[in-house]
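Reading the structure
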Amino acid sequence: MEKRLTRAQLRAFHEDGVVLLKDVFEAEEIARLRAALDMQLANANKSPTAYDFEQIAAEIWEGKKAADSVAHRFDVAALSAVVKGDKNARPLREALSDRGRGTFLFEASGWRRHRAIRDFALDSCLPKLAAELLDSPVVSFWDDTTFIKGPFTKQKTAFHQDLGYNNYDGRNAIVFWTPLDSATEASGVMKYIRRSHKDGSVYAPNLFLSQTTMPGATAPKCPDIEADEDSFDIICYDVEPGDVIAHHIRTIHGAGGNLTGHMRRAISFHYCGEDARYFSRAGAAPRLHDVDTLADGDAICSRDHPVVWPRPWPQLKLADLLPLRTNVEPSAEAMNSNTTSHAA
Ligand SMILES: O=C(O)CCC(=O)C(=O)O
């Protein structure tokens, strides 16, 4: 859907660091994306980059052995040692009685495997919205991240700032959090600290499970928002499928668990503006899928991070033109879903 931004929306993004954009996508577009995320969830235990933070946290904090292999491809013992070695670490879990297991699936780089995600990342209205919001003549796609919180999930998303997870630096980058279900604070909609993008701070990435910083990170720890949420100016919107929340890469944000009996599926699309440059950041998330090597100072432009605005060939879809490449073998099911959703 063609979407023009209002002055008030541009101002909100620049001043507050976050803006809600209503009705950006049609129901059929969202249905395709939802099918891709459901495939990610169904194949999570075969993906090398999918983690269930609910299971991992239950094992670390409550000693509950994870039932399947999703948690175990990740070295829970090593992770547990990192968390327990942090004297300030504490569980960030909702006080929910056990009603089923809950799920907090995280997976990155779905665009490499799922045609619907690829279409959104490269060929939807998001690159143009990024150019307008960032006031940037050029926009590169960085990556996508999937966050699914199943019914009755205790694990919160620890408050964090996205820049620290990524190997680039610069003034301007943006994330579009795209909910695929109706969501409210009770089901874990995102919460943003107003104007937290303004002071230039770059914080160390945390493990999402707690405020414990990623091993190797050298930047200062994110303020402990969970300790006293009421003392922060928090922006939180109720959203419907089709809406998108755009936040600046430096805006601090987090989310509660999912206290409801409904799914809370969401995917974030990350874009960099013209001034972003590759930067090997201490503690950034490993990039298992990348096939190209960028050097510090390089512009964000490679097969892993294509330029998506301006559109080089407006009549053609970038998703058709850029070959699907990954260093990590996708599972047969994931490949299937890629072909089926393409055909849909
Ligand atoms: O959906 C969530 O719970 C977290 C999403 C998030 O932190 C992000 O997109 O940066």
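Below is a short write-up of the structure.

Let us look at the pattern of salt bridges. In total, this model carries 26 salt bridges according to the counting rule given. Residues Asp 16 and Arg 194 are paired through a salt bridge, measuring 3.4 Å at the closest nitrogen-oxygen approach. With Asp 16 in helix H1 (residues 7-16) and Arg 194 in the loop between strand S8 (190-193) and strand S9 (234-236), the pair connects residues that are 178 residues apart, well separated along the chain. Judged by relative accessible area, Arg 194 falls into the partly exposed class, the value being 33%. Its salt-bridge partner being Asp 233, residue Arg 194 comes within 2.8 Å of it at the nearest N-O pair. Of this pair, Arg 194 sits in the loop between S8 and S9 while Asp 233 sits in the loop between S8 and S9, and the two are 39 residues apart along the sequence. A relative accessible area of 42% places Asp 233 in the partly exposed class. Via salt bridges that share partners, Arg 32, Arg 115, Asp 119, Lys 317 and Asp 320 belong to a single interconnected network.

A separate point is the layout of surface pockets. Of the volumes computed, that of the largest pocket is approximately 870 Å³. With 4 residues, the top contributor of residues to the lining of the largest pocket is strand S4 (residues 139-149). Of the residues belonging to the lining of the largest pocket, the class tally is 21 nonpolar, 13 polar and 6 charged.

On to the nonpolar core. Leu 133, Ile 174, Phe 176, Phe 269 and Tyr 271 are the most contacted members of the largest nonpolar core, which totals 41 residues. When residues of this core are assigned to their parent elements, the largest contribution, 6 residues, is made by helix H6 (residues 126-134). Ranked by size, the runner-up nonpolar core spans 18 residues in total, among them Val 83, Ala 108, Leu 207 and Phe 208.

Strands sit in the order S5-S11-S8-S9 across an open sheet of 4 strands; the sheet is antiparallel. Two strands in the sheet have a free side with no partner beyond their single neighbour: strand S5 (157-160) and S9. Neighbour to neighbour, the strand axes of the sheet diverge by 25° on average, direction disregarded. Sheet topology note: the S8/S9 ladder contains 3 bridges and is antiparallel. Of the residues in S9, the one forming a bridge with Ile 193 is Ile 234.

Along helix H4 (residues 76-84), the residues that are buried comprise Val 76, Leu 79, Ser 80 and Val 83. Seen from one end, H4 has its buried residues packed into an arc of 100°, which puts them on one side. Of the exposed residues in H4, the ones pointing more than 90 degrees away from its buried face are Ala 77 and Ala 81.

Here the focus is the pairing of strand S10 (residues 244-248). Consecutive residues of a regular strand have side chains that alternate between opposite faces of the sheet. With 5 of 5 residues buried, S10 lies mostly within the body of the structure. Burial of S10 is two-sided: the residues Val 244, Ala 246 and His 248 facing one way and the residues Ile 245 and His 247 facing the other way are all buried. As defined by bridge partners, strand S1 (residues 18-21) adjoins S10 across 4 bridges and the pair is classed as antiparallel. Residue Leu 21 lies in a different strand from S10, and its bridge partner there is Val 244. With 4 bridges joining them, strand S7 (residues 173-179) and S10 adopt antiparallel strand pairing. Residue pairing across strands places Val 175 opposite His 247, the latter belonging to S10.

Taken together, Phe 147, Lys 149, Thr 157, His 160, Asp 162, Trp 177, Met 190, His 253, Ala 255, Arg 264 and Ser 268 are the residues near the ligand. Asp 162 places a side-chain nitrogen or oxygen 3.0 Å from an oxygen atom of the ligand. In the environment of the ligand, an oxygen atom lies 2.9 Å from a nitrogen or oxygen atom belonging to the side chain of Arg 264. Compared with its free state, where it exposes 290 Å², the ligand has 99% of that area covered by protein. For the ligand, the cavity whose grid points lie within 2 Å of the majority of its atoms is the largest pocket. Secondary structure elements with two or more residues in the shell around the ligand: S4, S5, strand S11 (253-255) and strand S12 (264-272). A per-class count over the shell around the ligand returns 4 nonpolar, 4 polar and 3 charged.

Scoring rules and cut-offs
- Residues numbered from 1 in each chain as written.
- Predicted model: local features only at pLDDT ≥ 70, side-chain atom pairs only at ≥ 80, totals over all residues.
- Heavy atoms only, no water.
- Salt bridge = Lys/Arg side-chain N within 4 Å of Asp/Glu carboxyl O.
- Helix = DSSP H or I, 4+ residues; strand = E, 2+ residues; numbered from the N terminus.
- Buried < 20%, exposed > 50% of the residue type's maximum accessible area, 1.4 Å probe, protein only.
- 1 Å grid on protein atoms, 1.4 Å probe; cavity = no way out; pocket = protein on both sides within 12 Å on 5 of 7 lines; lining within 4 Å.
- Points joined across faces, edges and corners; volume = space filled by probe spheres on them.
- Nonpolar A, V, L, I, M, F, W, Y, C, P; charged D, E, K, R; others polar.
- Core = buried A, V, L, I, M, F, W, Y, C linked by side-chain atoms within 4.5 Å.
- Pairing = 2+ DSSP bridges.
- Axes fitted to C-alpha atoms, helices over the stretch in contact; angles between N-to-C directions.
- Arc of directions from axis to C-beta.
- Near = heavy atom within 4 Å.
- Polar contact = N/O pair within 3.5 Å; in protein donor to acceptor, adjacent residues only side chain to side chain.
- Areas by Shrake-Rupley, 256 points an atom, 1.4 Å probe, with all protein chains shown as cover.
- Sits in = over half its atoms within 2 Å of the grid points.

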